Amino acid sequence: MKRKVNSQKEVRACSKRAKNVVFNIMSSVIVQVISIIMGLVIPKLIIEGYGSAMNGLISSTNQVVGYFGIIEGGVAAAAGASLYRPFAENNQTRINAIMTAVKQFYHKTGLIFGGLMMVLCLIYPLYLRSQMEFTVASSVMLLLSVISVLGYLVFNKYNMILVTDQKHYITLLSSAAVNLAICIAQMLLLRFSANIIAVVAVVPAFSLIRLFMIRAYIRRNYPFITYHGVADHSAIREKWNALSMNVSQMCKVAIPIIVLSLMCDLKVVSVYTVYSMLFRIGSSIIEMSNNSITAIFGNVMAKESSHQIKRAYELSETLISMVIAVLSGCFFCLTESFIGLYIGEESDISYQAPILMISFIINEAILNIRFSPKIAIKATGRLKEARNSGLIEIIICSVLTPLAVWLFGYQAVLIGSILSGLSQTIYLTKFSYQNIIQISAVSLFKKLGVNLAACILGILAVQILVTFEITGYIRWLCAALLTGGILLAMVLLFNAVFLKDYIFKIVKKHM
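Residues numbered from 1 in each chain as written. Predicted model: local features only at pLDDT ≥ 70, side-chain atom pairs only at ≥ 80, totals over all residues. Heavy atoms only, no water.

Colleague: Got a sec to walk through helix α17 (residues 473-498)? Specific residues and values, please.
Modeller: Its 26 residues place the ends of α17 37 Å apart at the C-alpha level, agreeing with the 38 Å of an ideal helix rising 1.5 Å per residue. For α17, the full list of buried residues reads Trp 476, Ala 479, Ala 480, Thr 483, Gly 484, Ile 486, Leu 487, Met 490, Val 491, Phe 494 and Asn 495. (Helix = DSSP H or I, 4+ residues; strand = E, 2+ residues; numbered from the N terminus. Expected span 1.5 Å × (residues − 1). Buried < 20%, exposed > 50% of the residue type's maximum accessible area, 1.4 Å probe, protein only.)

Structure (structure tokens):
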């Protein structure tokens, strides 16, 4: 009888987790759609109304804020790995002890974070005086950074709780609603040529409302988290090692933007951020389930079901290699025509940058290959082993990025990111295969080779079949659908022919 009751509880728990995963994924899709809309609409309006320099300032500030916030990603990854088991066992005392340590760490480092942002908001505008007024640049930067500082000091710990408890959809849906409100408000202000400071001020105003709503939800649904009592600092001892898991974002965006800001001008930064915005769409498709999948892996490992995470890893890696091939081919065929439509001919700088486009394609592919290894390492808490490769990636990117810009111009800004990202991707993949998943890397090389060949032949097929002139967004959309269909068909065909036995084995395991 007792076994039957326990079995029923397990079934209900599994059903609840499955529903949460679905909610998380659906919420991620909604957030990404709204983010894409905002990313396409707002920068274009800012470029048209205030020029490329202002768009460059806003974009670079957002990325630099994210650069300093990388510390938060370290403690979140470390604490998340320690929280999976307590949540799975409903150990409320342990959860509170861990979150108490997290809060203390955030308060200590948050003051440093806030001080650095204040210094940046004063020094960087001095450097930009030849391009815009000091007061305008400083005010814009301050408004964009204040919500990140407040979030770090007070609110980020709440998001960690929801992610670990597989309720990330609450954070995502609230973010989607607020982002939509911000987008509408900014469009109205831009439509009536409002002061740029008023346009930017919308972001912290709406974001603060959302943060207080999340805080109220956590206090109501997790009353046992009081942040009092003995703090379990051992649970976040891997926080500094966990920083290495976030350097890809820094290398991909922050360092290139900082280098371009210092060595070129804000107009060039605007060109870079437009391409970054477009390629971010592709990354978002892959990353939108990251938190949900990591939480699932963490719960599986907490129950010592290593064979299940091995199967999930194999399936994830197979699907990611296929998605990378399709997205890379689509971006190669469609980016140039989209930029022509999006920016138009009457801009204060040329936005056609083919070398930069190809660099983005390569960089995104390298970073997305590490998707499955990163999830496995985060879920198992094996963060210390990734530390050295993260430090090497930072050094390579920091040295090669300015050197490449100095030698070859701004379109070569991603050379450092590509080489540094390749080094860490190889390391993380090798480590995951040998120490966590314990399978051979031959299958990965085979999957990548097959999908690369499919991508190249798919691009050639698109060049032959898609020949009509693209004169508007409707025609571009038709070309995009046709291009995506051709590339997807080619990838599926190659995988069915050359990876048939391997895919059949994975599918059979998951049935």
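Anyway, onward from the coordinates.
Colleague: Give a description of the packing of helix α6 (residues 168-191) against helix α7 (residues 196-221) that names residues and reports values.
Modeller: Running from N to C, α6 and α7 point in directions that differ by 160 degrees, and their axes come no closer than 9 Å. One way to sum up the angle between α6 and α7 is to call them roughly antiparallel. The two elements α6 and α7 meet at a crossing, and its hand is right-handed. Contacts between α6 and α7 involve Ile 170, Thr 171, Ser 174, Ser 175, Val 178, Ala 181, Ile 182, Ala 185, Gln 186, Leu 189 and Leu 190 from the first element and Ala 198, Val 199, Val 200, Val 202, Val 203, Phe 206, Ser 207, Arg 210, Ile 214 and Tyr 217 from the second. Residue composition of the contact of α6 with α7, grouped by class: 15 nonpolar, five polar and one charged. (Axes fitted to C-alpha atoms, helices over the stretch in contact; angles between N-to-C directions. Parallel < 35°, antiparallel > 145°, perpendicular 65-115°, else oblique. Left-handed = near helix turned anticlockwise from the far one by under 90°. Contact = heavy atoms within 4.5 Å. Nonpolar A, V, L, I, M, F, W, Y, C, P; charged D, E, K, R; others polar.)

Colleague: So, the packing of aromatic side chains: which residues are in play, and what are the values?
Modeller: Across all of its chains, the model carries nine aromatic pairs by this definition. Relative to Tyr 473, the ring of Phe 338 has its centre 6.4 Å away and its plane inclined at 65 degrees; by these criteria the two rings are edge-to-face. One end of the pair, Phe 338, is in helix α11 (residues 306-343); the other, Tyr 473, is in helix α17, and 135 residues separate them in sequence. Assessed through its relative accessible area of 10%, Phe 338 is described here as buried. (Phe/Tyr/Trp six-rings, centres within 6.5 Å; stacked < 30°, edge-to-face > 60°.)

Colleague: Tell me about the side chain of Thr 273, and name the residues and values.
Modeller: Within the fold, Thr 273 resides in helix α9 (residues 266-287). Once residues within four sequence positions are removed from consideration, Thr 273 is found in contact with Asn 55, Ser 59 and Ile 257.

Colleague: Provide a residue-level description of a nonpolar patch on the surface, including the pertinent values.
Modeller: On the surface, Tyr 127, Leu 262, Met 263, Leu 403, Trp 406, Leu 407, Phe 408, Ile 415 and Leu 419 cluster together into a nonpolar patch covering about 940 Å² of accessible area. Elements represented by at least two residues in the nonpolar patch include exactly α8 (247-263), α14 (387-408) and α15 (415-437). For the nonpolar patch, the element with the most residues is α14, which contributes four residues. Take Leu 262: its relative accessible area is 47%, and that puts it in the partly exposed class. (Patch = residues over 30% accessible without salt bridge, like charges linked within 9 Å, V, L, I, M, F, W, Y side chains within 5 Å. Areas by Shrake-Rupley, 256 points an atom, 1.4 Å probe, with all protein chains shown as cover. Salt bridge = Lys/Arg side-chain N within 4 Å of Asp/Glu carboxyl O.)

Colleague: Account for unusual backbone geometry, naming residues and giving values.
Modeller: In this structure, Ser 193 is a non-glycine residue whose phi angle is positive, near 55 degrees. Counting through the fold element by element, Ser 193 comes out in the loop between α6 and α7. Backbone geometry at Tyr 227 places phi at a positive 65 degrees, although glycine is not the residue there. With respect to the helices, strands and loops of the structure, Tyr 227 is situated in the loop between α7 and α8.

Colleague: Account for helix α4 (residues 92-127), naming residues and giving values.
Modeller: End to end, α4 covers 50 Å across 36 residues, agreeing with the expected 52 Å (1.5 Å per residue, within 8%). By the largest-angle criterion, Thr 109 marks the main kink of α4, which is about 30 degrees. (Bend = angle between axes of the 7 residues up to and from the residue.)

Colleague: I'd like a description of the packing of helix α5 (residues 134-164) against α7, backed by residues and values.
Modeller: Across the interface, α5 lies against α7 with an axial gap of 10 Å and an inter-helix angle of 15 degrees. What the angle tells us is that α5 and α7 run roughly parallel. In the crossing of α5 with α7, the sense of the turn from one axis to the other is left-handed. A class-by-class count of the residues in the contact of α5 with α7 yields 22 nonpolar, three polar and two charged.

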